[in-house]
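# Notes for the structure review
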Amino acid sequence: MNHVRYIDKTRDYYLSQGYDKPYRWANFDDVPFTPLNKPLAESRLALVSTSEIALRSGKDQRTPLEKGEQGNVYSFPADTPLDDLYSQTHSFDKYATTLDDVNAYFPVTRLQEFAAAGRIASLAPNVHGVYNAYSQRKTREKDAPELLRRLRADAVDVVLLTPV
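Read on for a plain summary of the structure. Here the structure is a predicted model, which is why all the values come from computation and not from measurement.

Scanning the chain for helices and strands turns up four helices and seven strands. When the elements of the chain are put in sequence order from the N terminus, they spell out α-β-β-β-β-α-α-β-β-α-β. Per-residue burial over the chain gives 31% buried out of 164 residues. Within the chain, contacts between residues at least 6 apart in sequence are counted, and of these 75% link residues at least 24 apart.

Time to look at the packing of aromatic side chains. Applying the stated criterion to the full structure yields two aromatic pairs. On the numbers, 4.8 Å between centres and 35 degrees between planes, the contact of Tyr74 with Tyr131 is tilted. Of this pair, Tyr74 sits in strand β3 (residues 73-77) while Tyr131 sits in the loop between β6 (126-130) and α4 (136-153), and the two are 57 residues apart along the sequence. As far as burial versus exposure is concerned, Tyr74 and Tyr131 are alike and both buried. Note that Arg119 overlies the ring of Phe114, its terminal NZ or CZ placed 4.5 Å from the centroid.

Within the structure shown, the criterion is met by five salt bridges. Here Asp157 ties to Lys38 by a salt bridge, and the two come within 3.5 Å at their closest N and O atoms. Within this pair, whereas Asp157 is found in the loop between α4 and β7 (158-162), its partner Lys38 is found in the loop between α1 (6-16) and β1 (44-49), the two being separated by 119 residues in sequence. On the basis of relative accessible area, Lys38 is assigned to the partly exposed category, the value being 33%. Its salt-bridge partner being Arg137, residue Glu141 comes within 3.6 Å of it at the nearest N-O pair.

This paragraph deals with unusual backbone geometry. A positive phi angle, close to 55 degrees, is found at Ala155, a residue other than glycine. As for its position among the elements, Ala155 is in the loop between α4 and β7. With a relative accessible area of 48%, Ala155 lands in the partly exposed category.

Helical periodicity: at 3.6 residues per turn, an α-helix aligns residues three or four positions apart in one direction. Taken as a whole, helix α3 (residues 108-117) has its buried residues at Val108, Thr109 and Leu111. Along α3, the residues classed as buried sweep out an arc of 165 degrees about the axis, all on the same side. Within two residues after α3, Gly118 carries a phi angle of roughly 85 degrees, on the positive side.

Moving on, we come to the nonpolar core. Proteins that are soluble and globular tend to have nonpolar side chains buried together. One finds Ile53, Phe76, Leu85, Phe106, Val108 and Val127 to be the most contacted residues of the largest nonpolar core, which totals 17 residues. Only β1, β3, α2 (102-105) and α3 provide two or more residues apiece to this core. Here Phe76 is in contact with Ile53, Leu55, Leu85, Phe106, Pro125, Asn126 and Val127, once residues within four sequence places are set aside. Val48, Val73, Leu147 and Leu151 belong to the second-largest nonpolar core, a separate cluster that totals eight residues.

What counts, and where the lines are drawn
- Residues numbered from 1 in each chain as written.
- Predicted model: local features only at pLDDT ≥ 70, side-chain atom pairs only at ≥ 80, totals over all residues.
- Heavy atoms only, no water.
- Helix = DSSP H or I, 4+ residues; strand = E, 2+ residues; numbered from the N terminus.
- Buried < 20%, exposed > 50% of the residue type's maximum accessible area, 1.4 Å probe, protein only.
- Contact = heavy atoms within 4.5 Å.
- Phe/Tyr/Trp six-rings, centres within 6.5 Å; stacked < 30°, edge-to-face > 60°.
- Lys NZ or Arg CZ within 6 Å of the ring centre and 35° of its normal.
- Salt bridge = Lys/Arg side-chain N within 4 Å of Asp/Glu carboxyl O.
- Arc of directions from axis to C-beta.
- Core = buried A, V, L, I, M, F, W, Y, C linked by side-chain atoms within 4.5 Å.

Below is the structure:
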């Protein structure tokens, strides 16, 4: 079975781009996760992704970064039609996958099906994205608190994180 060695590829990529030091992976002595307080079937779930998901429809099709919005966190309604979603990220292994199937990296349709089947109580009204800032400090000090604020506003119990 072939697999992608992402840690090695990331380290090699950063060195090839002229960075002085190899990429330093996040490391926590205390894991920042908590056990579920209630079963998934009773929980509101939010989808959070680093896929740089964007909207095709509407008057302004630019991503939040292109619009000059501050920060790396953005949100949009969870009931946005799948055909209106795409990713224009360049941060994925183009030799191992594509971004053609939105549900492969942003499984909003599957989560809607789980809610309809009672596997989760509900999908939060908004889905959220976080741009890859490549700064653990910015992620920890700015993006994570903003994302947490938005998740609390949506009364979320549990989060599914999907990276690209």
